[in-house]
Protein chains: 2
Amino acid sequence: MKRNTVQRQIILEAIRKLNSHPTVDEVYEEVHKLHPSISKVTVYRDLYQLADNHDIQRVILPGELARYDTRLDHHYHFKCKVCGAIFDINADDVADEAAMDKKVEQKYGFKVDKHDVTFLGICPDCQKKLST
Amino acid sequence: MKRNTVQRQIILEAIRKLNSHPTVDEVYEEVHKLHPSISKVTVYRDLYQLADNHDIQRVILPGELARYDTRLDHHYHFKCKVCGAIFDINADDVADEAAMDKKVEQKYGFKVDKHDVTFLGICPDCQKKLST
DNA sequence: ATTTATGCAAACTATTTGCATTGCC
DNA sequence: GGCAATGCAAATAGTTTGCATAAAT
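Let me sum up the structure you'll find in this document.

So, how was this worked out
Residues numbered from 1 in each chain as written. Chains lettered and ligands numbered in written order. Predicted model: local features only at pLDDT ≥ 70, side-chain atom pairs only at ≥ 80, totals over all residues. Heavy atoms only, no water. Pairing = 2+ DSSP bridges. Helix = DSSP H or I, 4+ residues; strand = E, 2+ residues; numbered from the N terminus. Axes fitted to C-alpha atoms, helices over the stretch in contact; angles between N-to-C directions. Contact = heavy atoms within 4.5 Å. Near = heavy atom within 4 Å. Polar contact = N/O pair within 3.5 Å; in protein donor to acceptor, adjacent residues only side chain to side chain. Nonpolar A, V, L, I, M, F, W, Y, C, P; charged D, E, K, R; others polar.

Considering the sheet that holds strand E3 (residues 76-80) of chain B
Thinking step 1. Strand order in the open sheet formed by six strands is E4(A)-E3(A)-E5(A)-E5(B)-E3(B)-E4(B), with mixed pairing between adjacent strands. Looking along the sheet, the strands with just one partner apiece sit at the ends: strand E4 (86-89) of chain A together with strand E4 (86-89) of chain B. Between one strand axis and the next, the sheet turns by 25° as a mean value, whatever way the strands run.
Thinking step 2. As paired strands, strand E3 (residues 76-80) of chain A and E4(A) are joined by four bridges and run antiparallel to one another. Paired with Tyr76(A) across the strands is Ile89(A), a residue of E4(A).
Thinking step 3. Along the sheet, helix H5 (residues 124-131) of chain A makes contact with E3 and strand E5 (111-122) of chain A together with strand E5 (111-122) of chain B, crossing E5(A) at roughly 25°.
Thinking step 4. Sheet contacts for helix H4 (residues 97-108) of chain B: E3, E4 and E5 of chain A together with E3 and E5 of chain B; angle to E5(B), the most-contacted strand, approximately 120°.

Encoded structure:
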């Protein structure tokens, strides 16, 4: 049976406060500020368990460290190659997810569970900074 | 200036022979069979340099080890969750790449270089094996 | 002759695991 | 009281780096 520990509550609050795809280290730093006795292993383990429990979502982008997301629905991501920030993209804004999966099934014979999309480019802020 | 070493030729032949998204280790194993004196560091370094030189392509899928591909054009990937194999998907078969990038630029203000797509599911072979 | 490439060992980074102790339920 | 969770240290996995030697140009 899962137990409701102080640490897990603090870690959950921290990621909710950070609120945008933090890495384990970033969550740990945030937690560490106010609760220096909580160890990084616990952050690793609790984030993993919270994701397992669907309180948060584990986000793995190509070539990136593990990140965790308070948003629970399936969506795409954009990574800014300048500042490194990760942004959410609503799949609906960009493509017909179901149609893509169906085409892969029909043309290749694969059974498709899902697909992940990662855009790479420059975010508005960095565009602005670069153009001045 | 780049030098044409025996090792690099052997490594290039090995990945061409393997021919489907091998990991560094898989290339090393292949090389090692016939040329046990070639070290793994050299495989790491040469694969990296060959990719730099556009002789091969580096493929990084979410949560996966680095892989290398003899195919040089941009395309999508499918990963079988049962056997772990990686398959190529032609972007054209599945989506309008340029249109997707354009929508992200228009709706979010990002400047998009490219996007990567990874499908997850079960390949035909594994479907067959599972259904029997 | 010069200077890149190789091979070894060691370093490094992110993450996981073993184990004794702590503390929820 | 029992068993999950914690924290420490150590292990692991993949990859990179420093350095002396070898070999391609």
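After that view of the structure, there is still more to cover.
Examining the protein's contact with DNA strand C
Thinking step 1. Arg3(A), Arg3(B), Thr42(B), Arg45(B) and Asp46(B) are the nearest of the 21 residues found near DNA strand C.
Thinking step 2. Within the backbone of Ala66(A), a nitrogen or oxygen atom sits 3.1 Å from a phosphate oxygen of DNA strand C.
Thinking step 3. Ranked by residues supplied to the surface near DNA strand C, first place goes to helix H3 (residues 40-52) of chain B with five residues.
Thinking step 4. Broken down by class, the residue content of the surface near DNA strand C amounts to seven nonpolar, seven polar and seven charged.

Re the protein's contact with DNA strand D
Thinking step 1. The immediate surroundings of DNA strand D are formed by 22 residues, with Arg3(A), Thr5(A), Thr42(A), Arg45(A) and Asp46(A) found nearest.
Thinking step 2. Sugar plus phosphate, as a fraction of atoms of DNA strand D within 4 Å of the protein: 63%.
Thinking step 3. A distance of 3.1 Å separates a phosphate oxygen of DNA strand D from a polar backbone atom of Ala66(B).
Thinking step 4. Among the secondary structure elements, those contributing two or more residues to the surface near DNA strand D are helix H1 (6-18) and helix H3 (40-52) of chain A together with H3 of chain B.
Thinking step 5. In terms of residue count, H3(A) provides more of the surface near DNA strand D than any other element does, five residues in total.
Thinking step 6. Tallied by class, residues from the surface near DNA strand D come to eight nonpolar, seven polar and seven charged.

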